[in-house]
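Residues per chain are reported as follows:
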Amino acid sequence: HGDMGLYSTAVMYGTTAFAVFLAPLVIPKVGEKAAMIFGGASNVLFVAAMVSLHPIFVYIASVLLGLGGCSIWVGLGAFLTKVSADRERGRNIGLFWALYQMSSIFGGMGGYLAQDDDATRQMLFIFFSIAAGCGCLILFLVRSPEKTKNSLFLEPEEEESKLAFKNIWKTLGKVFVSRDMLLMILVMVFSGYEISFFSGEFPRIVESPSVAPIMITFGAAEVAGGLLTAASSDKAGNKSLMMMAMVIYLCGLGLSWVVSRSFDTGIAYVSAVMLGVGDAVFQTQIFIVLGMLFPGEESIVAFTLFQFFQVISS
């Protein structure tokens, strides 16, 4: 289908980059739960568009996915921050990441089965659409976190809408120029780079017959990294785990360079494992640190900035 996948990704990330700053305006009013449901619904529509692969449907779904992407990730980050006690945050985020990355395993299996077979591809995406729709419906059963009494975001009924709008942007600026956030920007940018590498560049350096099984291995390593975070984050400390994750990921990058020069299946698998574990631990630690540094309603702004810097560096 030509470069449709490339253009679709560009549309999605471009939409997210522009729309992400709507999140702190909307999510405090509708709540994190509603934001996650909307984001989940946009994912369902995007997966469903893959059944026919009609360009118009795919590009429209890409725009909706860009809007839903910033909604679900900002809402999810704020939700996990609010519902997790400090001693439980690492466990909860690690378990979430492990469950989330299981999609990489099933997606890789689907890609392997659907190679050069449109009928199988359509059946798989119909199945994935139904599964995603069921997952979105389950979100309705999730309890909404209680709003903090001293909310940084003034509700319209408590104050005029213009004042509420002004207060949100004031909080955004305050969080952005804070020392903690400025120090985190480089980390966020690096997280965007690593996502773009293993999702875009790494599969290209792998020989075609090995792409699907190696990416399944990558997904399994992501799950293992999430479980590692769940088991050790609240005990080992965030700084040590983040440094360990960065070292593992950089070693994986070095091995991927070796693979790009002269393909070796064994080295490619080892590289995929190191990239997967390193990414899982690194990404989850960012969630944990942001939740620790910016608790309560400030978490919405913090995860908005995280999503923005991650997207523009992807």
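Look a little higher up for the structure.
Everything quoted here is computed from the prediction, not taken from an experiment.

*Asks:* Quick rundown of the overall build of the protein? Include the residues and the values.
*Replies:* From N to C terminus, the protein includes twelve helices and zero strands. In sequence order, the protein lays out its α and β elements as α-α-α-α-α-α-α-α-α-α-α-α. The globule rule puts the C-alpha radius of gyration for 314 residues at 20 Å, and the 20 Å found for the protein is close to it. Taken along the three principal axes of its C-alpha coordinates, the protein extends 60 × 45 × 30 Å. Counting all 314 residues of the protein, 48% fall into the buried class. In the protein, 82% of the contacts between residues at least 6 apart in sequence involve partners at least 24 apart. Split by element, the accessible area of the protein, about 15600 Å² in all, is 68% carbon and sulfur. Side-chain charges in the protein split into 19 positive and 23 negative, and the spacing between the mean points of these groups amounts to 9 Å.

*Asks:* Please set out unusual backbone geometry residue by residue, giving values where relevant.
*Replies:* You will see that leucine 53, though not glycine, has its phi angle at about 55°, which is positive. Looking at the element boundaries, leucine 53 is found in the loop between helix H3 (32-52) and helix H4 (55-83).

*Asks:* Go over the packing of helix H9 (residues 211-236) against helix H11 (residues 265-293), please, and point to the residues and values.
*Replies:* In contact at an axis separation of 7 Å, H9 and H11 are set at 40° when each is read in the N-to-C sense. As summarised for this structure, H9 and H11 are arranged oblique, according to the angle between their axes. In this structure, H9 meets H11 at a crossing whose hand is right-handed. Among the residues making up the contact of H9 with H11, the classes are represented as 14 nonpolar, eight polar and two charged.

*Asks:* How would you sum up the packing of aromatic side chains? Please name residues and give values.
*Replies:* For the coordinates displayed, the defined rule picks out 19 aromatic pairs. A connected cluster of aromatic rings, assembled from ring pairs, spans Trp73, Phe96, Trp97, Tyr100, Phe287, Phe303 and Phe306.

*Asks:* Go over the state of the cysteines with me, naming the residues and quoting the values.
*Replies:* Evaluated as defined, the whole model comprises zero disulfides. In this model cysteine 134 remains outside any disulfide bridge; the closest cysteine sulfur is found in cysteine 136, 10 Å from its own. Looking at cysteine 134, the relative accessible area reads 41%, which means it is partly exposed.

*Asks:* How would you sum up helix H8 (residues 179-205)? Please name residues and give values.
*Replies:* Taking 1.5 Å per residue as the helical rise, H8 with its 27 residues ought to reach 39 Å, and the 39 Å between its terminal C-alpha atoms agrees with that figure. Along its length, H8 reaches its greatest deviation from straightness, about 40°, at phenylalanine 197.

So, how was this worked out
- Residues numbered from 1 in each chain as written.
- Predicted model: local features only at pLDDT ≥ 70, side-chain atom pairs only at ≥ 80, totals over all residues.
- Heavy atoms only, no water.
- Helix = DSSP H or I, 4+ residues; strand = E, 2+ residues; numbered from the N terminus.
- Rg over C-alpha atoms; globule rule 2.2 N^0.38 Å.
- Buried < 20%, exposed > 50% of the residue type's maximum accessible area, 1.4 Å probe, protein only.
- Contact = heavy atoms within 4.5 Å.
- Areas by Shrake-Rupley, 256 points an atom, 1.4 Å probe, with all protein chains shown as cover.
- Lys, Arg positive; Asp, Glu negative; His and termini not counted.
- Charge placed at Lys NZ, Arg CZ, Asp CG, Glu CD.
- Axes fitted to C-alpha atoms, helices over the stretch in contact; angles between N-to-C directions.
- Parallel < 35°, antiparallel > 145°, perpendicular 65-115°, else oblique.
- Left-handed = near helix turned anticlockwise from the far one by under 90°.
- Nonpolar A, V, L, I, M, F, W, Y, C, P; charged D, E, K, R; others polar.
- Phe/Tyr/Trp six-rings, centres within 6.5 Å; stacked < 30°, edge-to-face > 60°.
- Disulfide = S-S within 2.5 Å.
- Expected span 1.5 Å × (residues − 1).
- Bend = angle between axes of the 7 residues up to and from the residue.

By themselves, these observations are geometric and do not establish any function.
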